[in-house]
Amino acid sequence: MTAEFGAWIRLLRTQRGLSQADLAGSELSPSYISLIEAGKRAPSSQALALIAERLGHKVEQLQSVASDSLHQSLELALAEAQWALERMSTPTPARGSGDNGHSPADLFRRIERQAAALELTTFALRARWGAGLALEREERFDEAMHAYVGTLRELGRGAPGEPNRLEVVGALCRCAVELGEFEWSSALGAPLLRELQDYGGATAPAVADIITALVWACLHRGEAAHARHLAATAVSDAELMRDPRVLARTYRAASQAAHESGHTADALMFVLKALDVVDGSHDDLSLGRLLVLYGAILRIEGEDGVQAAERELRRALPLLESHGRQREAGRCRLELARCALTRGDGEAAAENAEQAATLLCGVSPVDRAAALLVDAAARLLSRAPAAARTSCDLAVGLLTDVGGRRRTTAQCWAGAAEVYTALGEPERALDAWRRGFTVLGSVDPLFPPTAHSPAEPTV
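Not measured: the values here are computed from a predicted model.

Draft legend 1. Expanded view of the overall build of the chain. Along the backbone of the chain there are 23 helices and zero strands. Looking at the chain as a whole, 51% of its 459 residues are labelled buried. Carbon and sulfur atoms make up 50% of the accessible area of the chain, which amounts to about 21000 Å² in all.

Shown next as structure tokens:
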């Protein structure tokens, strides 16, 4: 009997969920099993019969084990876990499981532990990569990033089935965007992208994901023009591959970049393309996000656009809430509040803005500030100046410490200036305008043109 035979016994035991004491039973001792698994002791014929029975094998099967049986078993386990992962056709927070009741992430992690215990590093690496993909699909992005970072550190052997550096960096960028770590994704993806360009470039889903992450980083910094340029590149790459998930991500980023730079026609074109890709895919999270963006674009197209926007936003809200997406649900509520304000419905605007501010508390300071400012405008419309001043002051406190998202921040300062003007506080209004110009240099109005101007405060 060899050390490989012992490793084979250990693998079969762990796959059946048995401890060394379970395998030993009353006839043998755990230390005896430990020696066999370490390749330091050959079992007697009687012990071998007991071990085979408890492992669900015949003695002959254990005795004739080939040197590659261990690898074959792990390959089979990896294939089964991959099959379970592919059955998770859409992202789900419900943690889809395989036929044995374990989620794909659990299956991959168990293989990783087994392979690591047997010092089969290539199998451990492949299992860690698979676990990251499964965790990402389950929207457990922090855990997925941890798995991906571990994978990236162990790359370099070039073994069959091992992911390449580009794939892992692309996956890390996707998760970083989901977690709002835009600058982190930019710092990771930009050098690799430059390296690829130096060697003639490459077209792959991971390249499109990296470029898309850079688009979001540029938008976060307020560089909408650069974001549009990068988005055009990402879309070109994604359209060559026709991968639905990659297409939906890149179209959404391109639409957001166009929307934030004032190119409404392009924004509408890309969001409709993304919706067409997602339609029928049962990917409720992607659909909800796109409907929020679609509603935000429609809102600026006048009265008919507001009605259409509210319809799409109401479709989006339950989809986002069912996935526990606090940030996206908050932004959906914020857009609903803006629509109500445009219609002159101060009560509905205040209600949605208040809920948006609650959802965005501790999640997105600049969006929470925007919600508070919409609430302030709604309170003015309802002739409640004291409440309006309180909301506006809270928003200004948030904006003072905000970094990034320059255009949105500048719009918020403009909104604060409008509220203070309506409250009859010209010095504070002028200060808000100055701060807005300092952030961006020029600002767009936070609130869309409407026949229902905020009411003057009553004395």
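Right, picking up where we left off after that structure.
Draft legend 2. Broad picture of a nonpolar patch on the surface. Judged by side-chain polarity, Leu430, Trp433 and Phe437 come together as a nonpolar surface patch covering roughly 270 Å² of accessible area. Take Phe437: it is sitting in helix α23 (residues 426-440). Classification of Phe437 by relative accessible area gives partly exposed; the value is 42%.

Draft legend 3. Just the packing of aromatic side chains, in detail. Here the structure, examined in full by the defined rule, presents three aromatic pairs. Between Trp129 and Tyr148, the ring centres sit 5.4 Å apart and the planes meet at 50°, which makes this aromatic pair tilted. Within this pair, whereas Trp129 is found in helix α8 (residues 121-137), its partner Tyr148 is found in helix α9 (residues 141-154), the two being separated by 19 residues in sequence. Here the two residues Trp129 and Tyr148 agree in accessibility, since each one is buried.

Draft legend 4. Broad picture of the side chain of Thr212. Tracing the sequence through the fold places Thr212 in helix α12 (residues 205-221). For Thr212, the residues in contact, after removing those within four places along its chain, are Ala234, Arg249, Thr250 and Ala253.

Draft legend 5. Structural context of helix α15 (residues 264-278). Here α15 contains 15 residues, and its C-alpha end-to-end distance of 21 Å stays within 8% of the 21 Å for a straight helix at 1.5 Å per residue. Within α15, the full set of buried residues consists of Ala267, Phe270, Val271, Ala274, Leu275 and Val278. Down the axis of α15, the sector holding all buried residues measures 140°, keeping them to one side. In α15, those exposed residues whose orientation departs by more than 90 degrees from the buried face are Ala265 and Asp276.

Draft legend 6. Here's a closer look at the environment of Met269. Residue position: Met269 is located in helix α15. For Met269, a relative accessible area of 35% puts it in the partly exposed group. Each C-alpha atom, one on Met269 and one on Ala254, is 9.6 Å from the other, the two residues being 15 residues apart in sequence.

Draft legend 7. Examining the pattern of salt bridges more closely. Considering all chains together, one arrives at 34 salt bridges under this definition. Connected through shared salt-bridge partners, Glu139, Glu178, Arg289, Arg325 and Glu328 make up one network.

Draft legend 8. Focus on the packing of helix α16 (residues 284-299) against helix α18 (residues 326-343). Their axes nearest at 10 Å, the elements α16 and α18 cross at an angle of 25°. Judged by the inter-axis angle, α16 sits roughly parallel to α18. Our pair here, α16 against α18, has a crossing hand that is left-handed. For the pair α16 and α18, contact is made by Arg289, Val292, Ala296 and Arg299 and by Glu328, Arg331, Cys332, Glu335, Arg338 and Cys339, respectively.

Draft legend 9. The nonpolar core, seen in detail. By size, the foremost hydrophobic cluster in this structure holds 63 residues, and its most contacted members are Leu166, Val207, Val215 and Cys332. Looking at this core element by element, the count peaks at twelve residues for α12. Membership of the second largest hydrophobic core comes to 52 residues, among which are Ile36, Ile51, Leu120 and Tyr148.

Draft legend 10. Broad picture of the environment of Pro43. Among the secondary structure elements, Pro43 is positioned in the loop between α3 (30-37) and α4 (45-55). C-alpha of Pro43 to C-alpha of Ile33: the two residues are ten residues apart in sequence and 8.6 Å apart in space.

Draft legend 11. A look at helix α21 (residues 385-400). Taking 1.5 Å of rise per residue, the 16 residues of α21 would be expected to cover 22 Å, and the 22 Å separating its terminal C-alpha atoms lies within 8% of that figure. Of all the positions in α21, only Pro385, Ala388, Ser391, Cys392, Ala395, Val396 and Leu399 are classed as buried. Across the axial projection of α21, the buried residues extend over an arc of 140°, all falling on one side. Summarising the contacts, the buried residues of α21 are in contact with α20 (365-381) and α22 (406-422).

Draft legend 12. A look at the packing of α9 against helix α10 (residues 165-178). The contact between α9 and α10 brings their axes to 9 Å, and the two run at 155°. Considering their axes alone, α9 and α10 lie roughly antiparallel with respect to each other. Judged by the twist between their axes, the crossing of α9 over α10 is left-handed. Of α10, the residues touching α9 (which contributes Phe141, Ala144, Met145, Tyr148, Val149, Thr151 and Leu152) are Arg165, Val168, Val169, Ala171, Leu172, Arg174, Cys175, Ala176 and Glu178. Broken down by class, the residue content of the contact of α9 with α10 amounts to twelve nonpolar, one polar and three charged.

How each quantity is defined
- Residues numbered from 1 in each chain as written.
- Predicted model: local features only at pLDDT ≥ 70, side-chain atom pairs only at ≥ 80, totals over all residues.
- Heavy atoms only, no water.
- Helix = DSSP H or I, 4+ residues; strand = E, 2+ residues; numbered from the N terminus.
- Buried < 20%, exposed > 50% of the residue type's maximum accessible area, 1.4 Å probe, protein only.
- Areas by Shrake-Rupley, 256 points an atom, 1.4 Å probe, with all protein chains shown as cover.
- Patch = residues over 30% accessible without salt bridge, like charges linked within 9 Å, V, L, I, M, F, W, Y side chains within 5 Å.
- Salt bridge = Lys/Arg side-chain N within 4 Å of Asp/Glu carboxyl O.
- Phe/Tyr/Trp six-rings, centres within 6.5 Å; stacked < 30°, edge-to-face > 60°.
- Contact = heavy atoms within 4.5 Å.
- Expected span 1.5 Å × (residues − 1).
- Arc of directions from axis to C-beta.
- Axes fitted to C-alpha atoms, helices over the stretch in contact; angles between N-to-C directions.
- Parallel < 35°, antiparallel > 145°, perpendicular 65-115°, else oblique.
- Left-handed = near helix turned anticlockwise from the far one by under 90°.
- Core = buried A, V, L, I, M, F, W, Y, C linked by side-chain atoms within 4.5 Å.
- Nonpolar A, V, L, I, M, F, W, Y, C, P; charged D, E, K, R; others polar.

Structural measurements only, silent on function.
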